[in-house]
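One letter stands for each residue in the lines below.
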Amino acid sequence: QVHLVESGGGLVQPGGSLGLSCAASGSIFSINDMGWYRQAPGKQRELVALITRSDVTNYADSVKGRFTISRDNAKNTVYLQMLSLKPEDTAVYYCNAAIRSSRFSGYVGYWGQGTQVTVSS
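Residues numbered from 1 in each chain as written. Predicted model: local features only at pLDDT ≥ 70, side-chain atom pairs only at ≥ 80, totals over all residues. Heavy atoms only, no water.

### Thoughts on the state of the cysteines
Working definition: the covalent bond between the sulfur atoms of two cysteines is a disulfide.
Item 1. Applying the stated criterion across every chain, the model contains 1 disulfide.
Item 2. Between Cys22 and Cys95 runs a disulfide, and the two sulfur atoms are separated by 1.9 Å. Of this pair, Cys22 sits in strand S3 (residues 18-26) while Cys95 sits in strand S9 (residues 91-100), placing them 73 residues apart in sequence.
Item 3. Judged by its relative accessible area of 1%, Cys22 falls in the buried class. (Disulfide = S-S within 2.5 Å. Helix = DSSP H or I, 4+ residues; strand = E, 2+ residues; numbered from the N terminus. Buried < 20%, exposed > 50% of the residue type's maximum accessible area, 1.4 Å probe, protein only.)

So this is what it looks like as structure tokens:
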């Protein structure tokens, strides 16, 4: 069993900042790509940021220059630092990770339970 647990969501004013973290636990042999996605009401889930095991990053155009993704491989944790938040950043944020449970298995994508981020005055 593998679990991803997110933390750090909440309510913040426009222009404010917030940090999210997501820790993977359980039967983990290795983790490949890790990422953050978000889903606003009435919209499809979209990629926010992605980071490879070798720290190559990719961002949605809407968050470039404002969000930073990072990871700590020793802690099996991915982070998302969000600056200059806008009301349109309001969504449920989900972490995702491609995880191998053993040397004999392939990578499987796992999702966290989601954490609400609300940007409002």
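### Regarding the pattern of salt bridges
Pairing is possible between side chains of opposite charge, provided their charged atoms come close.
Item 1. According to the stated counting rule, one finds 4 salt bridges in the structure shown.
Item 2. A salt bridge links Asp61 to Lys64; the shortest N-O distance between them is 3.1 Å.
Item 3. A residue is classified by how much of its surface remains accessible, and Asp61, at 64% relative accessible area, is exposed.
Item 4. For Asp89, the salt bridge is made with Arg66, and the minimal N-O distance between the two is 2.8 Å. You can see Asp89 sitting in the loop between strand S8 (77-82) and S9 and its partner Arg66 sitting in the loop between strand S6 (57-59) and strand S7 (67-72), a full 23 residues away along the chain.
Item 5. Through salt bridges with shared partners, a single network forms among Arg38, Glu46, Arg66 and Asp89. (Salt bridge = Lys/Arg side-chain N within 4 Å of Asp/Glu carboxyl O.)

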